[in-house]
Amino acid sequence: MASRGILDRVAIVGMGCTPFGELWDKDASDLIVDASQEALASANMTMGDVDAFWLGTMNSGTSGLTASRPLKIDNKPVTRLENMCATGSEAFRNACYAVASGAYDVAMAVGVEKLKDGGFSGLTGSIPPNDGTFPDISAPALFAALAPAYGNKYGVDDETLKDVFTHIAWKNHRNGVKNPRAQFRKEVAKQTIKDSPLVAGPLGIFDCSGVSDGSAAAIIVRAEDAHRYQAKPLYVKALSFVAGAGTGPMDPDYDYTSFTEVVASCRDAYQQAGITDPREQLAMAEVHDCFTVTEMVLMEDLGFADRGTAWKDVLAGAFDHNGTLPVNPDGGLKSFGHPIGASGLRMLFEIWLQLRGEAGERQISNGKKLGLTHNLGGAPGSAVSFVSIWGSEPSA
Amino acid sequence: MSGILSYGSYLPYRRLQRAHIASAMGTPAGRGSRSVASYDEDATSMGVEASRAALAHLPGGSGAEQVFFSTTRPPYLDKTNAGVLHAALGLDQDAFAVDMVGSVRSGVGALKSALASSEASLAVSADIRTGLPGGVDERDGGDGAAALLCAAAGEFIADYLGGDSASAEFLDRWRVPGEIASKVWEERFGESAYVPLAAAAVSRAFEQVGITATDIDHLIVTGLQARAVRSVAKAVGVRPEALVDDLTGVVGNTGTAHPALLLASVLDVAAPAETIAVVVLADGVDVMIFRTTELLPSRRQPLGVRAQIEASRDDLSYAKYLTWRGILRTEPPRRPDPVPPAAPPSYRSERWKYAFVGSRCSCGTVHLPPARVCMRCHAVDQVSPESMREVKATIATYTIDHLTYSESPPAVVGVLDFDGGGRFQCQLTDVDPDSLSIGDRVEMTFRNVYTANGIHNYFWKARPVRGQD
């Protein structure tokens, strides 16, 4: 039993990301074409150079044909996979392993989701025929259960917590203003966020990520081959994915103030990459801010803040764009919306830009060379979690 | 001689002030209130709640070998509603369960059948009484349920002394299947038909039992024909203080359930060795005479009829009442329609879904829903069934959901930690979302979570503990 990781074995040589938003004029096929073409262009490749494909999508298509048909891929391996909201990351992870194993020279991971065509508010999904005893709870309500539990455990009153959530939404919207690919590019006043109509528990509309369409793609090669395609490749330092036993909703010991799966995948990733002080070592982090309360709790689960203190650090601006550890400098799920299969790769795309100094107006220049993405699926107590760490240089 | 082993009643948490109807509809000001089944309740779910109260005192399962379920509002036709009760109560597989549905008189039918049976029989009656907006039936109807466990022998709380019946075919009240409201003939005609029938049946019953009107300590006269009920009550000739309050003021008339509900209200307070006469006017007259025993005071239902009324609230708006009854159609949420539960998984998980039976691993860990692999010790298939239906719980955290599909938004979800172990995350009902907090005490209640494709998705929700914790 071991998780050895693939430190510096593979590198990313190209990425692409469509604008996210209400893309009424595009279908999932268009988005896959757009993202993968951009990724190929940035790697100076053509589709024929790619040996194998991993497509992540939850509800926008089944089977490898979802990608092979629009891309006109002739008889190559195309795997479609799904791992809830961590689907995009999971496509990336599997593509990395395929290259690290030596099975393929060049792999592409592409994630896509077309949510706006459904016509519903919030996420929807289909579940297998069942006995009707599983409570039908919306995603915001599932995550909102964190708020009273956190407040109760750490003695933080409702009003302060609302201020914390508001700050997170305000920060991520503010970051998104400078991102041409973000769905929402408007700074939103704190009072507007605070006063927005409630969706679940203390979470208002502005505490929730939007419903969005989008796609993102990455091209992966063996690390030693990277400079053949790309002057500034990025190296995969750690990939960790875990699925929890889903016992939180049935285990009285689970306290609804943490994602135990995130703690586990994070510990594994830090061990793979040799990270001991994430807040000090990381240039930035892209985390799964599906709801503002999620981002607050993740700051503790990812070791960016001590237990029971993230709310203070958030209010102090520690994770703002100019803070000690910028979190979601691209605007996060909050500004981008959350096209399930694409989000994990969209997070990676920001690291790709930032660590290569191509983030334009929102470039972070703290001189650090490691970035982290965190992608979550499921709900408190019953989740899957993915953590990846990337670096702009191979380890010494 | 047969008799009653135990009894229980159920009144919903909500009541509607008649003044609210009057102000909305411009009808004459009504007094008092009527009980209203919640959006997630139906005759079956209320019947389950009344039955749980009736069986609360009986150790080692209920002992009910038959279930007779009566209502004028059967949630299902063709399919047996008593089967749901049977499953929810966790009765033995070899028990008989049958519906007596459609007519108001079926309530008495269930009770008389139970009293006449050689097997321990649970007579359950439940009703949702509805009329067209602004009408008398809407105003004076009520929603509720009652259950009486009867047997041919055993430790009775009340002996059945005897009774009699009269039947006659006349147009008093009728309803075509599918209609929400019944129609009635002129009251004076009904009165002229009922009064002589009652006089004959009552005198035959008194003669058979060997009592006179003055021997009666509690007289219940009930029926949906108010004028006839008043005349008959007067004509029986009991002492004035023996006439039982028919609960019209705060509950309304619960139709099929009303005779048993009023009997329950008497059993809540009656002393041993008192005589109770029940006279029911419904397409004829039925008379039943009981005498309470020494056991009654120690076997009263956990929360009496009066206490249930006190533990309810009367601030329901008329608009919400109309919505709950399906009379006022409101804008649905922009969410997918609920998916009906599928038959095979529901059947596989019958004990969980209907009787709320989880599992306990040999290491002591409780799993809700039941699990084959233990979340603590990871042992496989080392489990025994664990009934959690009557176990109370504490709220660990909660969430208010304005987004998900609900027939009465917002949906409220609680994470429950059960006394003695076990956690479950489920909907809360009969709750004020604004007053919820961690540490609140709740108990389980059987509800119709939603109906999709004509399938009622019955399952358990939690509600704030009603009465004593």
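As the structure is a computational prediction, the values presented were derived from the model and not from experiment. (Residues numbered from 1 in each chain as written. Chains lettered and ligands numbered in written order. Predicted model: local features only at pLDDT ≥ 70, side-chain atom pairs only at ≥ 80, totals over all residues. Heavy atoms only, no water.)

A. Local environment of a nonpolar patch on the surface. A contiguous nonpolar patch, built from B:L171, B:W185 and B:F189 and spanning about 300 Å² of accessible area, is present on the exposed surface. Along the chain, B:L171 falls in the loop between β8 (158–167) and β9 (173–174). (Patch = residues over 30% accessible without salt bridge, like charges linked within 9 Å, V, L, I, M, F, W, Y side chains within 5 Å. Areas by Shrake-Rupley, 256 points an atom, 1.4 Å probe, with all protein chains shown as cover. Salt bridge = Lys/Arg side-chain N within 4 Å of Asp/Glu carboxyl O. Helix = DSSP H or I, 4+ residues; strand = E, 2+ residues; numbered from the N terminus.)

B. Seen up close, the packing of aromatic side chains. All chains considered together, the criterion is met by 24 aromatic pairs over all chains. Measuring from ring centre to ring centre gives 5.9 Å for A:F143 and A:F259, while their planes differ by 40°; the resulting arrangement is tilted. Of this pair, A:F143 sits in helix α4 (residues 139–144) while A:F259 sits in the loop between β8 (234–243) and α8 (260–273); the two residues are 116 residues apart in sequence, bridging distant segments of the chain. Relative to B:F189, the ring of B:F170 has its centre 6.2 Å away and its plane inclined at 80°; by these criteria the two rings are edge-to-face. (Phe/Tyr/Trp six-rings, centres within 6.5 Å; stacked < 30°, edge-to-face > 60°.)

C. Quick peek at the nonpolar core. Among the nonpolar cores identified, the biggest contains 60 residues, and B:F356, B:L416 and B:F418 are the most heavily contacted of them. Counting 57 residues, the second-largest nonpolar core is a separate cluster that includes A:V156, A:C208, A:V287 and A:A383. (Core = buried A, V, L, I, M, F, W, Y, C linked by side-chain atoms within 4.5 Å. Buried < 20%, exposed > 50% of the residue type's maximum accessible area, 1.4 Å probe, protein only.)

D. Expanded view of the interface of chain B and chain A. The partner chain A presents 35 residues to the 36 residues of chain B that form the contact. Of the roughly 3,000 Å² buried between chain B and chain A, counting both surfaces, carbon and sulfur atoms make up 57%. Where chain B touches chain A, the interface holds two salt bridges. In this structure, the salt-bridge partner of A:D251 is B:R376, at a minimum N-O distance of 2.5 Å. (Contact = heavy atoms within 4.5 Å. Buried area = accessible area lost by both parts, 1.4 Å probe.)

E. Representation of helix α8 (residues 258–267) of chain B within the structure. By the criterion of burial, α8(B) is predominantly enclosed, with 10 of the 10 residues buried. Regarding α8(B), the residues found buried are B:H258, B:P259, B:A260, B:L261, B:L262, B:L263, B:A264, B:S265, B:V266 and B:L267.

F. A look at the pattern of salt bridges. A complete count under the given rule lists 55 salt bridges over all chains for this structure. Put simply, A:D105 and A:R222 hold a salt bridge, and the shortest N to O gap is 2.5 Å. Placement of A:D105 in the loop between α3 (87–100) and β4 (106–114) and of A:R222 in strand β7 (residues 213–222) is noted, with a sequence separation of 117 residues between them. As a salt-bridge pair, B:R389 and B:E390 come within 3.4 Å of each other at their nearest N and O atoms. Residue B:R389 is classed as buried on the basis of its relative accessible area of 16%. A cluster of three or more residues bridged by salt bridges with shared partners is formed by B:E49, B:R52, B:R389, B:E390, B:E443 and B:R463.

G. Representation of empty space enclosed by the protein. Overall, the coordinates contain five cavities of 30 Å³ or more when judged by the stated rule. By volume, the largest cavity amounts to about 200 Å³. Lining the largest cavity are 19 residues, and of these A:D136, B:Q427, B:V449, B:Y450 and B:K461 sit closest to its centre. If you tally residues by element for the lining of the largest cavity, the top one is strand β21 (residues 455–464) of chain B, at four residues. (1 Å grid on protein atoms, 1.4 Å probe; cavity = no way out; pocket = protein on both sides within 12 Å on 5 of 7 lines; lining within 4 Å. Points joined across faces, edges and corners; volume = space filled by probe spheres on them.)

H. Representation of the state of the cysteines within the structure. Residue and element names in this part refer to chain A. With the rule as written, the count across this model stands at zero disulfides over all chains. This cysteine, C290, is not joined by any disulfide, and C85 carries the nearest cysteine sulfur, 7.0 Å off. Accessibility expressed as a relative area gives 5% for C290, which makes it buried. (Disulfide = S-S within 2.5 Å.)

I. Local environment of the sheet that holds strand β16 (residues 383–387) of chain B. Residues and elements named next belong to chain B. Read across the sheet, three strands follow the order β15-β14-β16 without closing on themselves; strand pairing throughout is antiparallel. Looking at the sheet topology across the chains shown, the edges are occupied by β15 (366–367) and β16. Sheet topology note: the strand β14 (residues 357–361)/β16 ladder contains five bridges and is antiparallel. The partner of R360 across the bridge, within β16, is S384. (Pairing = 2+ DSSP bridges.)

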